[in-house]
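Coordinate inspection notes
Listed below, chain by chain, are the residues.
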Amino acid sequence: MKPSAQSAQSSPAAPPKFSSYQKFVVGMLAFLQFAVILDFMLMSPLGALIMPALEISPTQFGLVVSAYAFSAGFSGLLTAGFADRFDRKRLLLFFYAGFILGTLWCGLAQSFEMLLLARVVTGLFGGVIGSIVLAISTDLFPPQMRGRVMGMIQTAFAASQVLGIPIGLYLSNRWNWHVPFLALAGLGVFAGVFVSWRMRPVSAHLAIPQEHSAWMHLFHTVTEPRYLMAFATTALLTTGGYMLMPFSSAFVVNNLGIGLDKLPTVYLVTGLFTIFCGPLVGKAADSFGKFRVFVIGTVMSIAMVLIYTHLGPLPLPLLVFVNVLMFVGIFSRMIPFQAMVSSVPSTTQRGAFTAISASIQQLSGGVASVIAGHIVTRGIDGRLQHFEVVGYVVVATSLAALALLWLLQRKRLEESVAQPITAV
């Protein structure tokens, strides 16, 4: 009997299973994330319809798109000091209600000024929802389950590509550009009522006394050295994605010779593979180690980014294959990173930490787009030039993020070893 007991102790424990309520929570959080991401992503493909309908210039439309990101970044910083002083369910419903009203306003806007204000309001509320979702995920799920949870939530990005954007384009072509926003607002009301009815309060953190005022709470969060390393890693990871995405469609059409009518196929297949791989990456992170999966994802994404940014004219199936591998590598970084960084903040600072992280994500994404716009130029023949330089910048930020995360992991391990010694 002894050998079997020893072997049972030495074998790795299987990841815990989800209860029915936990499955419901993960599904609802993923849907809320899906709605917020879709609202943000709908603006770009609808630009061809919105600009002539409202008689606005490309410069004005660019301002409408960027207004969401900057207002979302400002909102994250503004609410960080108060994020840990309320039941997270109530906080989520408050900001989600504001997000629905902003989306409804977008659908009803009849002028540039009204649409701009609507996007500012939508960003103020929608930009905080992602941070609350991460805080709830960390509160309700232990570290052994967070890889799978983040895998499900992160698939919302792919689902918005596969389901949301095609449906939004169909509705706008069938009626007008207002309809997708009105439909999203109506669906959001149903989801908000369902969350209010079924989700239990998330208020365990309120039992722990808060030491500081709201502004001091924010100050102590942004000055904690461990948190600063996590914030810097978030900024570096976000920079890579936002530098490639704004120019990907133009690069595919003008440099790779793929027709505009084939672009939906590229995004559809990529999104389907990402939806399928996201939960598998999360399960692997829980089973084999989150940092180990992050390293594999970093190596894979670096290799595929270098290949992608140096491509020339090629057949559609080969482009889809390269694109799928690149996005799988990117998701293999983001999912374990979200699971790892969720353990960094203390319980009393979790809301502030995630709110600041979301704010940094929005602001660094806007800065990355501006930097990429100064690197990439358009030649006389319409081809993008210096796109490979953007790839080199993405590789550099990826390596820097890997180094920072390694240091953060090492610091956390040292602290976990020191705590038992101190207790003894």
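Residues numbered from 1 in each chain as written. Predicted model: local features only at pLDDT ≥ 70, side-chain atom pairs only at ≥ 80, totals over all residues. Heavy atoms only, no water.

The next subject is the pattern of salt bridges. Here the structure, examined in full by the defined rule, presents 5 salt bridges. With a closest N to O distance of 3.0 Å, Arg119 and Asp39 form a salt bridge. With Arg119 in helix H6 (residues 112–140) and Asp39 in helix H2 (residues 20–42), this pair connects stretches of sequence that are 80 residues apart. Among the salt bridges present, the one from Asp286 reaches Lys290, with a minimum N-O distance of 3.3 Å. Across this residue pair, the class does not change: Asp286 and Lys290 are buried. (Salt bridge = Lys/Arg side-chain N within 4 Å of Asp/Glu carboxyl O. Helix = DSSP H or I, 4+ residues; strand = E, 2+ residues; numbered from the N terminus. Buried < 20%, exposed > 50% of the residue type's maximum accessible area, 1.4 Å probe, protein only.)

If you look at the biggest cluster of nonpolar residues, it comprises 54 residues, and the most contacted ones within it are Leu256, Tyr308, Leu319 and Met326. With 15 residues, helix H13 (residues 316–341) is the single largest residue contributor to this core. For Leu256, the contacting residues outside a window of four places in its chain are Phe251, Leu311, Gly312, Pro313, Leu314 and Leu319. Within the second largest apolar cluster, 53 residues are counted, among which are Val25, Ala35, Leu46 and Val128. (Core = buried A, V, L, I, M, F, W, Y, C linked by side-chain atoms within 4.5 Å. Contact = heavy atoms within 4.5 Å.)

A cluster of nonpolar side chains, contributed by Leu101, Leu104, Leu108 and Leu182, occupies part of the molecular surface with about 350 Å² of accessible area. Tracing the backbone shows Leu101 in helix H5 (residues 88–108). (Patch = residues over 30% accessible without salt bridge, like charges linked within 9 Å, V, L, I, M, F, W, Y side chains within 5 Å. Areas by Shrake-Rupley, 256 points an atom, 1.4 Å probe, with all protein chains shown as cover.)

Bringing the environment of Pro279 into the picture now. Here Pro279 shows up in helix H11 (residues 263–288). Taking the relative accessible area as the measure of exposure, Pro279 reaches 26% and is therefore partly exposed. The spatial distance from the C-alpha of Pro279 to the C-alpha of Met150 is 8.2 Å, given a sequence separation of 129 residues. What Pro279 contacts, discounting residues up to four positions off in sequence, is Gly151, Met152 and Thr155.

Time to look at the packing of aromatic side chains. What the rule picks out here adds up to 15 aromatic pairs. Considering the side-chain rings of Phe291 and Phe294, the 6.5 Å spacing of their centres and the 20 degrees angle between planes classify their relative orientation as stacked. Of the two residues, Phe291 and Phe294 are both situated in helix H12 (residues 290–309); the distance of 3 residues between them amounts to about one turn of the helix. Classification of Phe291 by relative accessible area gives partly exposed; the value is 22%. A relative accessible area of 0% places Phe294 in the buried class. Ring-pair connections join several aromatic residues into one group, and the members of that group are Tyr21, Phe24, Phe190, Phe194 and Trp197. Against the face of Tyr21 rests Arg200, its NZ or CZ located 3.8 Å from the ring centre. (Phe/Tyr/Trp six-rings, centres within 6.5 Å; stacked < 30°, edge-to-face > 60°. Lys NZ or Arg CZ within 6 Å of the ring centre and 35° of its normal.)

Attention shifts here to the packing of H11 against H12. One way to put it is that H11 packs onto H12 with a least axis distance of 6 Å and a crossing angle of 130 degrees. With respect to each other, H11 and H12 are oriented oblique. Residues Val281, Ala284, Ala285, Asp286 and Phe288 of H11 form the contact with H12, whose own contacting residues are Lys290, Arg292 and Val293. Split by residue class, the contact of H11 with H12 holds 5 nonpolar, no polar and 3 charged. (Axes fitted to C-alpha atoms, helices over the stretch in contact; angles between N-to-C directions. Parallel < 35°, antiparallel > 145°, perpendicular 65-115°, else oblique. Nonpolar A, V, L, I, M, F, W, Y, C, P; charged D, E, K, R; others polar.)

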